[in-house]
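For reference, the chains in residue letters:
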Amino acid sequence: MSDVRLDAIMKSYGPVAVLHGISLDIRSGEFISLLGASGCGKTTLLRIVAGLEEVTSGRISIDGRDVTALPPEKRDIAMMFQSYALLPHLNVFENVRFPLRMRKIGTRAEQMEMAAAALATVQLGHLADRRPRQLSGGQQQRVALARAIVSHPKVLLLDEPLSNLDARLREDMQVELIELHKRLGLTTLFVTHDQDEALSLSDRVVLLNNGWVEQQGSPSEIYDRPATEFASNFIGSANLIDATIVERDGRPMAMLADQQCLALAAGEAARGAVRLALRQEDMQLAASGSGISGTVRTRVFLGAQNRYVVEVAGATIRVLAANAAVYATGDPVVLSIDPARVRLLTR
Amino acid sequence: MVKAVPLPLRILARVFVAVTVLGLLAPLIVVVAASVSENQYISFPPQGFSLIWYRKVLSSDDYMSAAALSFGLALAVTVAATLIGGAAAIAIHRRKLPYPQLIGAVFISPLMLPTIIYAIGMLMLWSSMFGVVTVFTLWISHTIIATPYVVRTTLAVLSDSDPFLEEAARTMGANRLQRLMLVVVPQCLPGLAAGAFFAFNLSFDEAVLSLFLRKPDLTTLPVEIYSKLEFSPDPSVAAVSSIMIALTVVLIIVIDRVVGIKKFAST
Amino acid sequence: MTDRTENMLLVGPGLLLLALAFLLPIFQMLSLSVTGPSGLTLLNFVNFLGDPFYLGVLWRTIRLSLLITVICALIGFPLAYIISKVGSTMRLWLIAILILPLMTSVVVRTFGWMVLLSRSGLIPQVLQGLGLAHRGFALIQTETAIVIGMVQVLLPFMTLSVLGVIARIDPVLEEAARTMGCSFLQTVRTVVLPLSLPGIIAGSLLAFTLSASSFVTPNLLGGARIQVLATSIYNSVTQTLDWPFASAQAVILFAGIILTLIPYVRLMGDGRG
């Protein structure tokens, strides 16, 4: 069990800076997701922890030991690649045993035992003699996972390991990863661009944007209280609308461009010009009642629910609504939202 | 694939392919047919059937010593070209080299330069520096023109392999030598094998360098055939040529088994 | 040791060998071509370019090479297109049939043509039988024989070069063209042909270069009277033993080939940029 400490990691390729001084403390046994769009630097950061990339400045320590200058083969880590990187000329069993051979862990007999145990963990013991090419994508993914955990590394690094799987398999693997993490308690750094994956798997989510840490926190913190416009947009893709805070009957309200008002939580302290972040799934749609009125522009049928694009105060708001009532283009509708779910961002 | 091709065009296409294939294979068929003729002179269609000319080849000192030289030379060239070309391909593929593109181009350049130009240069340089041409000259010059084939086949195989294998091996604790020998070289094997067979074939069949560098005691099989053709060939030339064709067929089958010849049709 | 050091160690032996046994000989040949009895001279070039015989040889080389290249392209493009469309077993066979002559010694293949084209050979006999040729007609030792022999040698190069490009054309493009009203032949002309052009150009350059520089086939099929540049070089080396003159001819061949290649490299460079 170990903790990983990243201290002001900077990385640039020539004049292009991709990481601008990232500091992160990872507790022993913690499962951390590095979440961000492509090009945000999340994979670079992971590769820096692995030792595959050198830092421009900053320090990395694993278990209290400075490893900044150590090459990957001397760091006690294991990494799972997006392409799995299984050695095609070795069978499944030899692939799993490979890190033990290279790191000279145990005798030959012990290595066989450990590899068999790791394969059993991912329920692939029966495929030990196969070549990677003969396996399905999901099976290859499990072999890669077995190979990553076989040496009980201090840090497990996962680079978008689920992105090449189809949706169904991905859900299964998410469950399996959670259970595996619970069982082995490996300190895990998980790179993904998929917010659902990050929210469902990790103890802590680190949201990266353009080489900066945009926000970090527990999945519920990140989801419920996105700190910035980028965070609200990236997580749950919120509607962003400009408004002005006014007071009506002693309660704070957000006034939209067309003078319609939206109730805010009683304790809201912000004043003046703000930007509202409204989640599609937080809003309700009704034919009449209290709330802000708008006009349906488009309905997108999604099976379990409908997505409506509603015009309000010259802006468009997307709303996810159940199938109970169906509105057609041009129908007047009323939008409402729990005041506690309205988030204010400074403009 | 493409449907709705007019019928006359389909028929035309078949005739076209048949005629072209016939044209491509005609000289080979003729050689093999002439080799089993009973006649004292080369004829096509052959008269009768006999294997006397093969017997004559096997009992001929000229042919047998030429064949021994060609075979030994081809083996030596194969070893040298595979080692040099394979190592170079690995380094070029990794791209962590000064001027990787230039170095890649240099290794392929003997393929671009007409052999005749190289042959003259080699003859002149060798003569001015060491005097007489030896089998060593042939070995070096064949290796030079065979190496690009190994470089190409190995690069083709490497570019198909997972680019993260070496990095993955690093994260699993493999050191530099282990990565090269346990990860990279096994990936290259099909390419190295194909390149080795091409190198062998090239050297065994090579006529231009061997003709320019020929000496009475340095006659390879193609040169032996060539000099017979310049004068009065008898069907034993056809027999020895047929043996060379058979060897080529075997090599093609082996290459197809090892890597699949289709791969080289698309590169 | 760094990655660079390791990779330099891997390319090192090859680079050394290429420098000493490839670049140096070419340099030696270049320098010999401007060497006369009394030092630096262009006399070898003057002798070549001032002699109508050698100019004739040069012209024949260019003319035959162009003809061979055009014939190879005319056969190679449809052949490659057909190969790309047939089933996979058939394709494998056709490719094997292309590769077999490619990998057979040029001496052996030319021998086959010598048998077929000689006075008593099958082709003149058949032509005589059909009344298309007079008695005693022979194809051997004619330019036609050289062209036939060289086309067979170079057609596989051309076809494989075109095939490499055609195989990468998205078949949906052809289907799209058909749905937009193109007939089959129009589709080939307006979609496949333009997209295969890089392969045809590359194959043509290869065919031109190889036919301009080959000497085994022209020497055996054309005989001593019909000389091309490469056979003339060979004669200068082995018969008249005039090595500086041979070098000068090789330099002319070299220069001609480079002049042909430069526009192509430019073209490809522009296409990428």
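Residues numbered from 1 in each chain as written. Chains lettered and ligands numbered in written order. Predicted model: local features only at pLDDT ≥ 70, side-chain atom pairs only at ≥ 80, totals over all residues. Heavy atoms only, no water.

Sorry, what's going on with the overall build of chain C here?
Secondary structure assignment for chain C yields 12 helices and two strands. Traced from its N-terminal end to its C-terminal end, chain C shows the element sequence α-β-β-α-α-α-α-α-α-α-α-α-α-α. If you line up chain C on its principal axes, its C-alpha atoms span 75 × 75 × 30 Å. Each of the 273 residues in chain C was classed as buried or not, and the buried ones make up 51%. Of the side chains in chain C, 14 bear a positive and 9 a negative charge, and the two mean positions are spaced by 12 Å. (Helix = DSSP H or I, 4+ residues; strand = E, 2+ residues; numbered from the N terminus. Buried < 20%, exposed > 50% of the residue type's maximum accessible area, 1.4 Å probe, protein only. Lys, Arg positive; Asp, Glu negative; His and termini not counted. Charge placed at Lys NZ, Arg CZ, Asp CG, Glu CD.)

How do you make sense of the nonpolar core when you look at a structure like this?
Within soluble globular proteins, side chains that are nonpolar tend to cluster in buried spots. Grouped together as the largest cluster of nonpolar side chains are 162 residues, with contacts concentrated most on B:F107, B:I116, B:Y118, B:F212, C:F215, C:V216 and C:I233. Ranked by residue count, the leading element in this core is helix α3 (residues 61-94) of chain B, at 14 residues. The residues touching B:F212, leaving out its near neighbours within four places in the chain, are B:I116, B:A119, B:I120, B:L123, C:F215, C:I233, C:Y234 and C:V237. Residues A:I22, A:L52, A:V206 and A:L208 belong to the second largest nonpolar core, which totals 40 residues. (Core = buried A, V, L, I, M, F, W, Y, C linked by side-chain atoms within 4.5 Å. Contact = heavy atoms within 4.5 Å.)

Looking at this structure, how should I read the layout of surface pockets?
Which parts of space are left empty comes out when a probe the size of a water molecule is rolled across the atoms. Empty space within the second largest pocket amounts to approximately 990 Å³. Of all the secondary structure elements, the ones that give two or more residues to the lining of the second largest pocket are α3, α7 (165-171) and α8 (176-205) of chain B together with α1 (3-33) of chain C. Residue contributions to the lining of the second largest pocket peak at five residues, all from α8(B). Of the residues assigned to the lining of the second largest pocket, the class counts are 14 nonpolar, six polar and 15 charged. (1 Å grid on protein atoms, 1.4 Å probe; cavity = no way out; pocket = protein on both sides within 12 Å on 5 of 7 lines; lining within 4 Å. Points joined across faces, edges and corners; volume = space filled by probe spheres on them. Nonpolar A, V, L, I, M, F, W, Y, C, P; charged D, E, K, R; others polar.)

Which parts of the structure should I look at to understand the arrangement of the chains?
With two pairs of chains in contact overall, the contact-richest pair is chains B and C. Separated in space, chain A and chain C share no contact, their closest pair of C-alpha atoms being 11 Å apart.

Would you mind going over the interface of chain B and chain A with me for this structure?
The extent of an interface is frequently quoted as the accessible surface area lost upon association of the parts. At the junction of the two partners, chain B supplies 18 residues and chain A supplies 22 residues. Area buried by chain B at its contact with chain A is led by B:R170, B:T171 and B:M172, which between them contribute 38% of it. The interface formed by chain B and chain A holds three salt bridges in total. Across the salt bridge formed by B:R179 and A:E73, the nearest N and O atoms sit 3.4 Å from each other. The tally of links from chain B across to chain A stands at eight residue pairs in polar contact (both at pLDDT 80 or more). (Buried area = accessible area lost by both parts, 1.4 Å probe. Salt bridge = Lys/Arg side-chain N within 4 Å of Asp/Glu carboxyl O. Polar contact = N/O pair within 3.5 Å; in protein donor to acceptor, adjacent residues only side chain to side chain.)

Hey, could you run me through the interface of chain B and chain C in this one?
Listed by partner, the interface residues are 84 residues for chain B and 81 residues for chain C. In this assembly, chain B packs against chain C so that about 7500 Å² is buried in total across both faces, 80% of it on carbon and sulfur atoms. If you sort the residues of chain B by the area they bury against chain C, B:L24, B:M124 and B:R176 come out on top, with a joint share of 10%. In this structure, the connection of chain B to chain C is made through four salt bridges. With a shortest N-O distance of 3.1 Å, B:R94 and C:E6 are connected by a salt bridge. Linking chain B to chain C there are 13 residue pairs in polar contact (both at pLDDT 80 or more). The dominant element in the side of chain B that touches chain C, judged by the number of residues it contributes, is helix α1 (residues 7-35) of chain B, at 14 residues. Within the side of chain B that touches chain C, the residues separate by chemical class into 64 nonpolar, 11 polar and nine charged.

Could you clarify how one ought to interpret unusual backbone geometry in this entry?
What is expected of a backbone is that most residues other than glycine have negative phi and most peptide bonds are trans. Unusually for a residue other than glycine, A:Q259 sits at a positive phi of about 75°. Secondary-structure assignment places A:Q259 in the loop between β12 (251-255) and β13 (261-263). The backbone phi angle of C:L241 is positive, close to 55°, even though this residue is not glycine. Owing to a relative accessible area of 58%, C:L241 belongs among the exposed residues under this scheme.

Would you explain the environment of A:D203 in this entry?
Residue and element names in this part refer to chain A. Examined against the element boundaries, D203 turns out to sit in the loop between α6 (195-201) and β9 (204-209). Placed 174 residues apart in sequence, D203 and G29 show a C-alpha to C-alpha distance of 9.7 Å. Sequence-distant contacts of D203, defined by excluding residues within four places in its chain, comprise G29, E30, F31, H181, S218 and P219.

Any chance you could explain the environment of B:A66 here in plain terms?
Residues and elements named next belong to chain B. Tracing the backbone through its elements, the reader meets A66 in helix α3. Counting along the chain gives 37 residues from A66 to I103, while the straight-line C-alpha distance between them is 36 Å. Dropping the residues within four chain positions of it, A66 is found in contact with T219, T220, L221 and E224.

I'm lost on the side chain of A:E30 in this one. Help?
Residues and elements named next belong to chain A. By secondary structure assignment, the location of E30 is in the loop between β2 (16-26) and β3 (31-35). Side-chain polar atoms of E30 contact the backbone nitrogen of R27, separated by 2.9 Å. If we ignore the near neighbours within four places in the chain, the residues touching E30 are D25, H181, L186, T187, T188, D203 and R204.

What's the story with the sheet that holds β2(A) in this structure? I'm lost.
The strands that make up a sheet pair up through hydrogen bonds in the backbone, lying either parallel or antiparallel. Residue and element names in this part refer to chain A. An order of β2-β1-β4-β5 is seen for the four strands of this open sheet, with the pairing classed as antiparallel. Each edge of the open sheet carries a strand with a single partner, namely β2 and β5 (65-66). Both strand β1 (residues 4-13) and β2 contribute to a ladder of eight bridges, which runs antiparallel. Residue pairing across strands places R5 opposite D25, the latter belonging to β2. (Pairing = 2+ DSSP bridges.)

Is there a simple way to explain the packing of helix α3 (residues 52-85) of chain C against helix α9 (residues 184-213) of chain C in this structure?
In helix packing, the relevant descriptors are the interaxial angle and the interaxial distance, both defined with respect to the helix axes. All names here are of chain C. Contact geometry of α3 with α9 gives a least axis separation of 8 Å together with a crossing angle of 140°. Classified by the interaxial angle, the pair formed by α3 and α9 is oblique. Between α3 and α9 the crossing geometry is right-handed. From α3, T61, I62, S65, L66, I68, T69, A73, F77 and Y81 reach across to α9, where they touch F184, V188, V192, L193, S196, I200, S204, A207, F208, S211 and A212. (Axes fitted to C-alpha atoms, helices over the stretch in contact; angles between N-to-C directions. Parallel < 35°, antiparallel > 145°, perpendicular 65-115°, else oblique. Left-handed = near helix turned anticlockwise from the far one by under 90°.)

So what exactly am I meant to see when it comes to α8(B) here?
Think of an α-helix as 3.6 residues a turn; residues three or four steps apart then line up on the same face. All names here are of chain B. At L189, α8 is bent by approximately 50°, the largest bend along its length, and proline P190 sits one to four residues beyond. Among the 30 residues that make up α8, 21 are buried, leaving the element largely enclosed by the rest of the structure. A distance of 3.2 Å separates the backbone nitrogen of L177 from a side-chain oxygen at the start of α8, and that oxygen is part of N175. (Bend = angle between axes of the 7 residues up to and from the residue.)

Quick question: what am I supposed to make of the domain arrangement of chain A here?
Residues and elements named next belong to chain A. Domains assigned within chain A are domain 1 (4-232) and domain 2 (238-346). Look at where the C-alpha atoms of domain 1 and domain 2 centre, and you get two points 39 Å apart. Counting residues at the interface gives eight residues for domain 1, matched by nine residues for domain 2. Together, the buried faces of domain 1 and domain 2 total about 710 Å²; carbon and sulfur atoms form 43% of this surface. The largest contributions to the domain 1 side of the interface with domain 2 come from Y223, E229 and S232, which together make up 72% of the buried area. Along the contact surface separating domain 1 from domain 2 lie two salt bridges. Counting the contacts that link domain 1 with domain 2 gives three residue pairs in polar contact (both at pLDDT 80 or more). (Domains from an automatic or database assignment.)

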